[in-house]
Amino acid sequence: MVVSEMIASAALGTGQAEMLRKTHKSEGLPHVIQLAGCEAHWLEVGAKIAQDAGADIIDINLGCPSKRVTNGFAGSALMRVPDQALRLIEATVKATTLPVTVKMRLGWDDDNLNAADIARRAEEAGVQMITVHGRTRQQFYKGDARWQLVRPVKDAVSVPLVVNGDITSFDAAQKALQLSGADAVMIGRGAQGQPWLVGQIGAQLAGAAVIEAPKRQDLLNHIFAHYEAILSDYGTELGIRVARKHLGWYLDVIGQTDADLRRPIMTAETTDTVYQRLPELVLESWGKAA
Ligand SMILES: Cc1cc2nc3c(=O)[nH]c(=O)nc-3n(C[C@H](O)[C@H](O)[C@H](O)COP(=O)(O)O)c2cc1C
């Protein structure tokens, strides 16, 4: 299952084009739309728009650490005011017929590890799945995710519990599941430049045949398909810029670290540059990965 980027519910509710773009559906996958917000009214409106956009599930963000979001009392700031978080969750559950899920952190800081309490109350309010990133808000992305601290959340709820944070391999996934007792894993940054990692880890956890990563021409075809999807979704001008970081991650994964060779791709102002330079770079980099 893949979840959309966080969508600010008030901006979605007032028709901001950028937020509407983020509700676009990927064919062939369950459509999970994540909403953020701090006002019940806008979450209700957002949930209805998400449902009309074809969502199958609505996820609520209680985990974003960014100051821009927490200063507006959304994302992880809501973990400091559990009653308000619950009001928003209840309003969302009431506003839609779709399943509602919640993503959170361990708590605001180490003195306030209240994920288990909020998760239990969320389940009582009708939430059907909970994901916990094993860091506090004050950790941002620093230090290691503490999967063992997700276990009290698992013990507090009976809905499926997903553990998240630093899961970049099958071994890490197994360890996270074992320490947290969770039912599933969520993968974020580990999939950058290698989106097939999610399927690989999933197949291994299910005991299915190993899925090979795409190589050489297959990889190039994959990267170009991703590139074209970005250009089509964002429009060419913005898409060229958005794509740069993804192209950089693909080059990282195949071990192409030569700054002089990477530069034209990483600073490309036109799609022509990418189409001309990338094939050589990807095919020649092959084998440089550790
Ligand atoms: C650039 C960036 C953007 C993110 N955006 C979101 C988001 O929109 N919604 C969300 O729930 N988490 C978001 N996250 C957090 C990730 O979903 C995840 O919880 C966190 O990165 C830890 O997992 P990982 O180590 O597998 O990446 C974001 C993380 C990063 C680095």
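Calculation notes
Residues numbered from 1 in each chain as written. Predicted model: local features only at pLDDT ≥ 70, side-chain atom pairs only at ≥ 80, totals over all residues. Heavy atoms only, no water. UniProt positions renumbered as here; feature names shortened; annotations may be inferred. Near = heavy atom within 4 Å. Polar contact = N/O pair within 3.5 Å; in protein donor to acceptor, adjacent residues only side chain to side chain. Areas by Shrake-Rupley, 256 points an atom, 1.4 Å probe, with all protein chains shown as cover. Nonpolar A, V, L, I, M, F, W, Y, C, P; charged D, E, K, R; others polar. Helix = DSSP H or I, 4+ residues; strand = E, 2+ residues; numbered from the N terminus. Salt bridge = Lys/Arg side-chain N within 4 Å of Asp/Glu carboxyl O. Buried < 20%, exposed > 50% of the residue type's maximum accessible area, 1.4 Å probe, protein only.

Taking an unreviewed UniProt entry as the reference, the chain is identified by name as tRNA-dihydrouridine synthase belonging to Pelagibacterium lentulum. What the UniProt record of the chain gives under Sequence similarities (unreviewed entry) is the line "Belongs to the dus family." Listed under Cofactor (unreviewed entry) in UniProt, the entry text for the chain is "FMN".

A. The site of the ligand, seen in detail. Near the ligand lie 14 residues; those nearest to it are Q34, N164, D166, G188 and R189. One of the side-chain N or O atoms of N164 is found 2.5 Å from an oxygen atom in the ligand. In the complex, the protein chains occlude 70% of the 620 Å² of accessible area that the ligand would expose alone. Class assignment for the residues of the shell around the ligand results in 4 nonpolar, 6 polar and 4 charged.

B. Region of interest: the UniProt feature "domain: DUS-like FMN-binding" (unreviewed entry) in the chain. Mapped onto the present numbering, the UniProt feature "domain: DUS-like FMN-binding" (unreviewed entry) falls on residues 1–278. Helix and strand shares over residues 1–278 are 47% and 13% respectively, and the end C-alpha atoms of the span are 30 Å apart.

C. Structural detail: the pattern of salt bridges. Summed over the entire model, instances satisfying the criterion amount to 16 salt bridges. Salt-bridge contacts for R21 lead to E18; the nearest nitrogen and oxygen are separated by 3.1 Å. With R21 and E18 both in helix α2 (residues 17–21), this residue pair falls 3 residues apart, about one helical turn. Residue R21 is classed as buried on the basis of its relative accessible area of 10%. A relative accessible area of 32% means that E18 is categorised as partly exposed. One salt bridge in this structure joins R263 and D260, with 3.1 Å as the shortest N-O distance. Here the residue R263 and the residue D260 both occupy positions in helix α12 (residues 259–266), the gap between them amounting to 3 residues, near one helical turn. Put simply, E5, E18, R21, K22 and D233 are held in one network by salt bridges that share partners.

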